[in-house]
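# Geometric and topological summary
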Amino acid sequence: MGILNYEVYTIFADSTVQEEAIDMKEINQQSIDALKGGEQSVDPALWAAAKGKNLIVVQMESFQNFLIGLTIDGQEITPNINKLAAGDFYFNNFYTNVGQGTTSDAEFVVNTSLYVPHHEAATSSNYMDKTLPSLPRLMSSNGYNTATFHTNSVDFWNRSLLYKAIGFDKYYDQAFYGDDDHIAFGASDEVLYAKTVPELAKMDAEDKPFYAMVISMSAHHPYRIPEAKDKIKLPAEYDGTLVGNYILAQNYADYAMGQFLEELKSSGLWDDSVIVFYGDHQGLPLYSLDNKEKGLMQGIFGREYGYTDMFNIPFIVHAPGVSYGKTFEQTGGQIDVLPTVANLLGVSVKDQIHFGEDLMNRTSNLLPMRHFLPTGSFVNDTSVFLPGVGFEDGTNYDVKNNSISAGGSTEAQYNAALRLLNMSDSYVKQLPELPLDGGPVSGAESK
C-alpha cells in the first residue's frame, strides 16, 4: 500500500466514522460481553487452578507469531520460545491491540483490558490523568506486591505517568540497570534478565506473592544487533535487509530469553509462578518492506505476506501443574490477558470493567483494531476485516492464509466493534482523576 497511501486511506476512512459519547450508566460488563458475542461459562474451567502463585508477564519486543517453528538453512530462529510453545498453553491465533504508542500501548492494554485511544499513544493522552482499573490494582487488592522492569528511562513514552495511572508499586528502569552492553535504547536483554531475576527472588522471599511485568527491548526496530552477538548465519539474500536484521535480532532475543528461563528454573520461580509471554506489536509492517523484502517474506510463508500475518503475535501461558503442551486455535488478543490470568489465579474481575475475555472459557471473540487499520476494522474467529467507506465495501482476509474471502464478518460485528471502541473511550473519560501525590517508587536503590 505504501506508507503515504496508507495514511491518506486511514484518514479518509476514519472521516466517515462518527465518535459517539456514551453515558457511564450504559457501560457495564453485560453490555460489553453481549457486543463481543459468544457464551460465558457459568462454571469456568481452570478457575483458581494456580491460586496463590506469583504472576510474571513477559512482553517480547516486536515478536510476531511466524517466528515460532521457523527454520532457515536448518537453523531454528527461536529455539527457546519454540520449547515454551510446545510445552505449555500456546495461542497461535492471537493479535496485537496497540495503536500509535506501540510498546507502551501494549503495556497499557494488557494491564487495563481497555482499548487504546484514537490515533494517539495511550501514554500521551488524557488517559494518564485517570485512576485506571488495572491488573496491578487488582492484584494489589488480592494481597500481591507489584513491580515493572524495563531497561529504558521511565520517562520514555511517559511511563512515569502510565505506571502511576495503572498503580504499580515499584518500577525498575535505566537508573537501576545502567547502560552496559547497550542495544537499541538501553542495556541488553541479557542484562535485563540477569539483573531482574535476583529482584524477583527477593520479592518471592516476602510474605506475599507478587506480580511482575518484564519488558524486553533488544529486538527493537531497526534491529541492529552487534555482529558479535549473532548466533546464526543467514543466506546471502537476507544480508542488509530489514527482514534479515529482524530475524537476527529475534534470534539474539531468544538466546537471552533462554538464559532467563534457566535462571527462573534454578531460582525456583519457574515452579512457583504463572508466567505469560506475548509479542508487543508487529515487527515487519507491510508498509515498510520493499519488493525484495516482500519476496523474502513470501518465501517464508509460501504465499503473500499480509495483514493477518503482520498483527499475529504469540501468547504462551505457563502455569505450574496446570499447563501442558496444547495449542489453542481460538481468536484472542492482548486485551484478553487480564481476565485470562485472573481466572487462573482465582482473582475475580466481576467488579472491574474489562473489554477482554477469559480465553480458557470463551471460544468466540471480536477484536476491534485501531490506528494501523481504519477505524471499524476488526478480527473475529475467521477473518481480519477492513472497511472501505463503510461495511459494504470492506474486505475480509482469512486468518489462516490471508486470502480475500467473500464472507467471514457481518455488519452487526462491524457496528459492535465501533460501539466497543466508543464505549472504552467514554468509560475512561468519565473515570475519576488521579490524586496529585503518590505513584510508584523507583527500584534503583536496590542496585
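Here the structure is a predicted model, which means the values were calculated and not measured.

Thresholds applied
- Residues numbered from 1 in each chain as written.
- Predicted model: local features only at pLDDT ≥ 70, side-chain atom pairs only at ≥ 80, totals over all residues.
- Heavy atoms only, no water.
- Axes fitted to C-alpha atoms, helices over the stretch in contact; angles between N-to-C directions.
- Helix = DSSP H or I, 4+ residues; strand = E, 2+ residues; numbered from the N terminus.
- Parallel < 35°, antiparallel > 145°, perpendicular 65-115°, else oblique.
- Left-handed = near helix turned anticlockwise from the far one by under 90°.
- Contact = heavy atoms within 4.5 Å.
- Nonpolar A, V, L, I, M, F, W, Y, C, P; charged D, E, K, R; others polar.
- Buried < 20%, exposed > 50% of the residue type's maximum accessible area, 1.4 Å probe, protein only.
- Core = buried A, V, L, I, M, F, W, Y, C linked by side-chain atoms within 4.5 Å.

## A few points about the packing of helix 2 (residues 29-36) against helix 13 (residues 411-429)
- Taken N-terminus to C-terminus, the directions of helix 2 and helix 13 make an angle of 150°; their axes are 9 Å apart at the nearest point. The orientation of helix 2 relative to helix 13 falls into the category roughly antiparallel. The way helix 2 lies across helix 13 gives a crossing that is left-handed. Along its contact with helix 2, which presents Ser31, Ile32, Leu35 and Lys36, the element helix 13 presents Ala416, Arg419, Leu420 and Met423.
- When its residues are assigned to classes, the contact of helix 2 with helix 13 shows five nonpolar, one polar and two charged.

## Quick look at unusual backbone geometry
- Geometrically, the link from His221 to Pro222 is a cis peptide bond, its omega value of 10° lying close to zero.
- Within the element layout of this structure, Pro222 appears in the loop between strand 9 (210-215) and helix 9 (242-267).
- Positive phi, close to 65°, is recorded for Leu46, a residue that is not glycine.
- Looking at the element boundaries, Leu46 is found in the loop between helix 2 and strand 1 (54-60).
- The phi dihedral of Ser113 falls on the positive side, at around 55°, and the residue is not glycine.
- Looking at the element boundaries, Ser113 is found in the loop between helix 4 (102-112) and helix 5 (135-141).
- Since its relative accessible area comes to 0%, Ser113 is described here as buried.

## Observations concerning the nonpolar core
- Phe108, Leu264 and Phe277 are the most contacted members of the largest nonpolar core, which totals 146 residues.
- Broken down by element, the residue count for this core peaks at 13 residues, all from helix 9.
- Setting aside residues up to four positions removed in sequence, Phe108 forms contacts with Ser113, Leu114, Tyr115, Val116, Ala122, Tyr127, Met128, Leu132 and Leu162.

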